[in-house]
Amino acid sequence: TCYEAMNSNGEFSALKVDVDKTDFGYMVGEVEAVLDDVSEDKSKVEAAKENIRKLVDLISISENNQGDGPSSMTAFGKLEYYMINNHRDNYDAYVKAGAMMN
């Protein structure tokens, strides 16, 4: 499911939030920004990354009911989550071999 991110002042209007739920009960959200040609202006990429960080921090704070600053954390993708919870030995071997990041 894809949502447009928007707050009252339109700060996040260029961002999309994609939420996926797996058949094994895991949900993962992805925040993305689609930019026009940025080959000449890398500042657009940095601004988009900063906006994504702000939105993720805002969502994290809201979800955790915390008001004490940013709480971004690294989230596992669907495959990583599945491997950790269902095939931990294989996951550890993939990490050791450099095929997955820990």
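In what follows, the accompanying structure is described. All chains use their own residue numbering, which begins from 1 and follows the written sequence. Whole-chain, interface and lining totals are the exception, using all residues; otherwise, since this is a predicted model, local features are given only for residues with pLDDT of at least 70 and side-chain atom pairs are given and counted only at 80 or more. Hydrogens and waters are ignored; side-chain quantities use all the structure's heavy atoms.

Observations regarding the sheet that holds strand β1 (residues 2–4)
Sheet architecture is open: three strands sit in the order β1-β2-β3, paired in antiparallel fashion. Both edges of this open sheet fall to β1 and β3 (27–33), since each of them pairs with a single strand only. Strand-to-strand twist in this sheet, taken as the mean axis angle between neighbours without regard to direction, amounts to 25°. Judged from the three bridges that link them, β1 and strand β2 (residues 15–21) form a sheet pairing that is antiparallel. Each pair of strands is called paired provided DSSP finds at least two bridges between the two strands. Strands are runs of DSSP state E lasting at least 2 residues, helices are runs of H or I lasting at least 4, and numbering of each runs from the N terminus. In this description, a line fitted to the C-alpha atoms serves as the axis of each element, helices being fitted only across the stretch in contact, and the angle between N-to-C directions of two axes falls anywhere from 0 to 180 degrees.

Points about the environment of A33
Structurally, A33 is set in strand β3. Note on classification: 1.4 Å probe, protein chains only; a residue is buried when its accessible area is under 20% of the maximum for its type, exposed when over 50%, partly exposed between these limits. Under the relative-accessibility criterion, A33 is labelled partly exposed at 26%. Between the C-alpha atoms of A33 and V17, which are 16 residues apart in sequence, the distance is 9.0 Å.

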